[in-house]
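These are the residues of each chain, in order.
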Amino acid sequence: MSAGIDIPEGKRLNKYGDLENIEMTVEDWMTRWEKKHIGFHAKEIHKILQKYLDTILNGRKEIRIFIPLCGKSLDIKWLAEQGHTVVGVEVSKIAIKEFFAEQNLSYTQGSVPGIPGAEVFTSSDGCISLFNCNMFDFSSAIAGKFDGIWDRGSLVAINPSDKKRYVELIVNLMAKGCNYLLDTFTYDEDKYVGPPFSVPELVIEDLYGQSCNIQLIQSSDALTDKQRLWGLDSFTEHIYLITLKTDTDSCALMH
């Protein structure tokens, strides 16, 4: 596959025969969408989200839910149909336009004050707003804070060197009482290098532990033929519920 291709130092060929760096760039992700190399896109509403939606809601109705690196996820429309306001961020305009087309939703398109070159695509009913921009240009100053966050395929797609910055951004998007549902994976990193990146529990604790309570609510074997083709014989999915530490918790830690 690599015959005739000059592979620069630090690069490798992915399964599509394209040059790829383990450290994914914004351009890499945009290229994936352009070439339809989107094996990470789920073609159904995520079962974990359906199972734990009540955990995110915690008795509340019509809340604001944030989906980072949302792609054209079917979860977006499903959450909106439950009466919630959904905000997503996605770097690929192709993904956003395909979402609205495939879900047969009309929308308006506009610029984003505070992010030069960014656009926001808003459904006609106002329940869905998808921001086409770099995740790291987004902030609570752009769209406020959120009551719930659904992080599937986002933290695990972020380069390891960017994870701390990502978590700081996400935590700053959490409103008081926010319930953040996080979907991660662990596997033998000697056998495969992501994305999706392996994020062990100790890393989760290091990333979120200072400002958040972390509850592991499910761990399950998620190994399929897809991961076996990557050379893995073990692939475990972990679901966490993350909440902001209260003032009481913070005081208790200081004594």
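The text that follows walks through the structure, step by step, so that each part is easy to find. (Residues numbered from 1 in each chain as written. Predicted model: local features only at pLDDT ≥ 70, side-chain atom pairs only at ≥ 80, totals over all residues. Heavy atoms only, no water.)

## Looking at the overall build of the protein chain
Selection criterion: Secondary structure is summarised from DSSP: a helix means a run of H or I of at least four residues, a strand means a run of E of at least two, and numbering begins at the N terminus for each. Burial status follows relative accessibility: with a 1.4 Å probe on protein chains alone, a residue under 20% of its type maximum counts as buried, one over 50% as exposed, and anything between as partly exposed. Residue contacts are defined here by distance: any two heavy atoms, one from each residue, within 4.5 Å place the two residues in contact. Per-residue and other accessible areas were derived by the Shrake-Rupley procedure at a 1.4 Å probe size, with only the shown protein chains allowed to occlude residues.
Assigned secondary structure in the protein chain consists of 9 helices and 11 strands. Scored against the burial criterion, the 255 residues of the protein chain give a buried share of 47%. Considering only contacts within the protein chain whose residues lie at least 6 apart along the sequence, 63% involve residues at least 24 apart. As displayed, the protein chain has an accessible area near 13,100 Å², and 50% of this comes from carbon and sulfur atoms.

## Examining the environment of Asp190
Mapped onto the fold, Asp190 is located in the loop between strand E9 (174-186) and helix H7 (201-208). When the C-alpha atoms of Asp190 and Leu232 are compared, they prove to be 9.6 Å apart, with 42 residues separating the residues in sequence.

## Describing the sheet that holds strand E4 (residues 85-90)
Selection rule: Two strands make a pair as long as DSSP finds a minimum of two bridges between them. For every element, the axis is a line fit to its C-alpha atoms; helices are fit only across the contacting stretch, and the angle between N-to-C directions ranges from 0 to 180 degrees.
What the 9 strands build is an open sheet, ordered E5-E6-E7-E4-E3-E8-E9-E11-E10; its pairing is mixed. Across the chains shown, the open sheet's two edge strands, defined by having one partner strand only, are strand E5 (107-111) and strand E10 (212-221). Sheet twist, expressed as the mean angle between neighbouring strand axes with direction ignored, is 15°. Taken together, the 2 bridges between strand E3 (residues 64-67) and strand E8 (residues 146-152) define a ladder with parallel strand orientation. Paired with Ile65 across the two strands is Gly148, which belongs to E8. Relative to E9, helix H2 (residues 47-57) is tilted by about 155°, and along the sheet it contacts E8, E9, E10 and strand E11 (236-244). Along the sheet, helix H6 (residues 163-172) contacts E3, E8, E9, E10 and E11; its crossing angle with E9, the most-contacted strand, is approximately 145°.

## Focus: the pattern of salt bridges
Just so we agree on the cut-off: Every case where a carboxyl oxygen of Asp or Glu lies within 4 Å of a side-chain nitrogen of Lys or Arg is listed as a salt bridge.
In total, this model carries 7 salt bridges according to the counting rule given. The partner of Lys47 in a salt bridge is Glu44, with the nearest N and O atoms 3.0 Å apart. What makes Glu44 partly exposed here is its relative accessible area of 45%. Close ionic contact of Lys72 with Glu98 constitutes a salt bridge, the shortest N to O distance being 3.0 Å.

## Overview of H7
Rules: Relevant arc is that of directions from the helix axis to the C-beta atoms, nothing else.
For H7, the set of buried residues is Ile204, Leu207 and Tyr208. Within H7, the buried residues cover an arc of 75° as seen down the axis, which keeps them to one side. Of the exposed residues in H7, the ones pointing more than 90 degrees away from its buried face are Leu202 and Asp206. Its buried side turned inward, H7 meets H6, E9, E10 and E11.

## What to know about the packing of aromatic side chains
Note the threshold: Centres within 6.5 Å make a pair out of two Phe, Tyr or Trp rings, where for Trp the six-membered ring is used; the pair is then stacked when the planes are under 30 degrees apart, edge-to-face when over 60, and tilted otherwise.
Taken as a whole and assessed by the stated rule, the structure comprises 12 aromatic pairs. With a centroid separation of 5.4 Å and an interplanar angle of 5°, the aromatic rings of Phe66 and Phe138 are classed as stacked. Note that Phe66 is positioned in strand E3 and Phe138 in the loop between strand E7 (128-132) and helix H5 (140-143), a separation of 72 residues in sequence. Classification of Phe66 by relative accessible area gives buried; the value is 0%. For Phe138, a relative accessible area of 2% gives the class buried. An aromatic cluster of at least three residues, connected via ring pairs, comprises Phe185, Tyr187, Tyr192, Trp230 and Phe235.

## Points about the nonpolar core
To keep it simple, the criterion reads: As used in this record, nonpolar core signifies buried Ala, Val, Leu, Ile, Met, Phe, Trp, Tyr and Cys residues forming a set joined through side-chain atoms within 4.5 Å.
Membership of the largest hydrophobic core comes to 42 residues, with the highest contact counts inside it found for Phe66, Phe131, Phe138, Leu155, Tyr166, Tyr180 and Tyr208. Counting residues per element, the ones that place at least two in this core are E4, E8, H6, E9, H7 and E11. With residues near it in sequence (within four places) discarded, Phe66 still touches Val87, Gly88, Val89, Met135, Phe138, Phe146, Gly148, Ile149, Trp150, Ile170 and Leu173. Within the second largest apolar cluster, 24 residues are counted, among which are Ile65, Ile67, Ile76 and Phe121.

## Considerations on the packing of H2 against helix H3 (residues 74-81)
So the rule is basically this: We call a crossing left-handed when the near helix sits turned anticlockwise from the far one by less than a right angle, and right-handed when that turn is clockwise. The nonpolar class holds Ala, Val, Leu, Ile, Met, Phe, Trp, Tyr, Cys and Pro. Asp, Glu, Lys and Arg form the charged class, and all remaining residues, Gly among them, are polar.
Two elements in contact, H2 and H3, have axes whose closest approach is 11 Å; the angle formed by their N-to-C orientations is 35°. Crossing geometry of H2 relative to H3 is assigned as right-handed. From H2, Leu49, Gln50 and Leu53 reach across to H3, where they touch Asp75, Trp78 and Leu79. Per-class residue counts for the contact of H2 with H3 are 4 nonpolar, 1 polar and 1 charged.

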